[in-house]
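What follows is each chain in one-letter form.
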Amino acid sequence: MTIKKHIPNALTSLNLLSGMIGIHYVMVNGPFYGFYFIIAAAILDFFDGFAARMLKVQSPIGKELDSLADLVTFGVLPSFILFLLLEAVSPYEWLPYVAFLIGIQSALRLAKFNIDDRQADSFIGVPTPANALFFSTLPLLGTSVIWIENGLENPWVLTGLTLTFSFLLTAELPLLALKFKHFKWKGNQWRYLVLIISGISVLLFGLAGIPIAVLSYICLSLVNNLVGGHEEKN
């Protein structure tokens, strides 16, 4: 058995390790900066699949391990970040536990993804990494935009966001596939708009622009669905 067969699973295991350390970090130090572990895991999550395809060592166990690692890093870790944000402002002891819906829905989404042939080249429902990045960087945006900060201090706003994104994780909502078959504007206009808005958001706000990028991706996907997704046919 060659070493190269273990490289993708090693990267996936590092993704899992990042999630576990991230959970420990936020429980000890608070919800801020937990996004560093999610970003690191997202990079590892990309490269484990890339390595498996490049080395031609894709396997069923690798697929299952990837989902288990993603559940911890992109499901459980953001749940704890949200729990701590809610705990800091909630008037009720029970309300922060609503945050764990993110972890449950993430598990359901990952299970569905593994058996859904429709998601081979695109997504149906918000991907768990996008959801995790949204919630983990939202406090950063709050430090830059005063009305966002006020919203994060309102437990019902946080609860509403939690319930909304919990639903979106498993919703039958087709999202734009950010894969280009060609680079012409026609047929790719919504993809280019996502990239433009995301780029401007990150340039203006740094990592705090990630929540805006995620929202633009979801909203433009909805618009694309409403107009019939004509660009997908071109």
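Note that the structure is a prediction, hence the values are computed from the model and not measured.

A.B. asks: How should I be thinking about the overall build of the protein chain in this particular structure?
C.D. replies: In terms of helices and strands, the protein chain carries nine helices and two strands. Scanning the protein chain from its N terminus toward the C terminus, one meets helices and strands in the order α-α-α-α-β-α-α-α-β-α-α. In terms of overall size, the protein chain behaves like a compact globule, its C-alpha atoms giving a radius of gyration of 18 Å where 234 residues would be expected to give roughly 17 Å. Counting only C-alpha atoms, the protein chain reaches 50 × 45 × 30 Å along its principal axes. Classification of the 234 residues of the protein chain by burial places 48% in the buried group. By sequence separation, contacts in the protein chain at least 24 residues apart represent 74% of the contacts at least 6 residues apart. Element-wise, carbon and sulfur atoms account for 71% of the exposed surface of the protein chain, whose accessible area totals about 12400 Å². Across the protein chain, 14 positive and 15 negative side-chain charges occur, with their mean positions spaced 16 Å apart.

A.B. asks: So what exactly am I meant to see when it comes to a nonpolar patch on the surface here?
C.D. replies: Among the surface-exposed residues, Ile 43, Phe 46, Phe 47, Phe 50 and Met 54 lie close enough to one another that they form a single nonpolar patch of about 520 Å² accessible area. Mapped onto the secondary structure, Phe 46 falls in helix α2 (residues 35-55).

A.B. asks: Explanation requested: unusual backbone geometry in the structure shown.
C.D. replies: Residues other than glycine predominantly adopt negative phi, and peptide bonds predominantly adopt the trans conformation. Notably, Tyr 33 is not glycine yet its phi reads approximately 75°, a positive angle. Positive phi outside glycine occurs at Lys 56, with the angle close to 55°. As for its placement among the helices and strands, Lys 56 is situated in the loop between α2 and α3 (60-89).

A.B. asks: Just to check I follow, could you spell out the nonpolar core for this structure?
C.D. replies: Nonpolar side chains in soluble globular proteins tend to be buried together. Core analysis: the largest hydrophobic core is formed by 44 residues, its most contacted members being Ile 38 and Leu 77. For this core, the secondary-structure elements that each account for two or more residues are α1 (7-29), α2, α3, α5 (128-144), α6 (146-152), α7 (155-170), α8 (189-205) and α9 (210-226). Considering each element in turn, this core owes the most residues, nine residues, to α3.

A.B. asks: For this particular structure, what's the right way to read the confidence of the model for the protein chain?
C.D. replies: Parts of the prediction with low pLDDT should not have their coordinates interpreted in detail. Mean pLDDT over the protein chain works out to 89, with 94% of the residues at or above the 70 mark. Throughout residues 230-234 the model reports pLDDT below 50, and contacts reaching past four residues in sequence, or to other chains, amount to 14 contacts.

A.B. asks: What exactly am I supposed to notice about the pattern of salt bridges here?
C.D. replies: Opposite charge on two side chains makes pairing possible when the charged atoms of those side chains draw close. Considering all chains together, one arrives at one salt bridge under this definition. Linking Glu 172 and Lys 112 is a salt bridge whose minimum nitrogen-to-oxygen distance equals 3.6 Å. Taken together, the residues span a long stretch of sequence, with Glu 172 in the loop between α7 and β2 (174-175) and Lys 112 in helix α4 (residues 101-115) at a distance of 60 residues.

A.B. asks: What is the right way to read α1 from this model?
C.D. replies: Along an α-helix, residues three or four apart share an orientation, since each turn contains 3.6 residues. Taking 1.5 Å as the rise per residue, α1 with 23 residues should run 33 Å; its terminal C-alpha atoms sit 32 Å apart, in good agreement. Within the span of α1, buried status applies to Pro 8, Leu 11, Thr 12, Asn 15, Ser 18, Gly 19, Gly 22, Ile 23 and Val 26. Contacts from the buried residues of α1 go to α2 and α3. Looking one or two residues past α1, Gly 30 carries a phi angle of roughly 105°, positive in sign.

A.B. asks: Help me understand the packing of aromatic side chains, please; the structure alone is not making it clear to me.
C.D. replies: Two aromatic rings, taken as a pair, are described by how far apart their centres are and by the angle between their planes. Under the counting rule described, the total for this entry stands at 17 aromatic pairs. Residues Phe 134 and Phe 135 carry aromatic rings whose centres are separated by 5.1 Å and whose planes lie at 85° to one another, so their mutual orientation is edge-to-face. Chaining the aromatic ring pairs together yields one cluster made of Phe 80, Phe 83, Tyr 97 and Phe 100.

The rules behind each value
Residues numbered from 1 in each chain as written. Predicted model: local features only at pLDDT ≥ 70, side-chain atom pairs only at ≥ 80, totals over all residues. Heavy atoms only, no water. Helix = DSSP H or I, 4+ residues; strand = E, 2+ residues; numbered from the N terminus. Rg over C-alpha atoms; globule rule 2.2 N^0.38 Å. Buried < 20%, exposed > 50% of the residue type's maximum accessible area, 1.4 Å probe, protein only. Contact = heavy atoms within 4.5 Å. Areas by Shrake-Rupley, 256 points an atom, 1.4 Å probe, with all protein chains shown as cover. Lys, Arg positive; Asp, Glu negative; His and termini not counted. Charge placed at Lys NZ, Arg CZ, Asp CG, Glu CD. Patch = residues over 30% accessible without salt bridge, like charges linked within 9 Å, V, L, I, M, F, W, Y side chains within 5 Å. Salt bridge = Lys/Arg side-chain N within 4 Å of Asp/Glu carboxyl O. Core = buried A, V, L, I, M, F, W, Y, C linked by side-chain atoms within 4.5 Å. pLDDT = per-residue confidence, 0-100. Expected span 1.5 Å × (residues − 1). Phe/Tyr/Trp six-rings, centres within 6.5 Å; stacked < 30°, edge-to-face > 60°.

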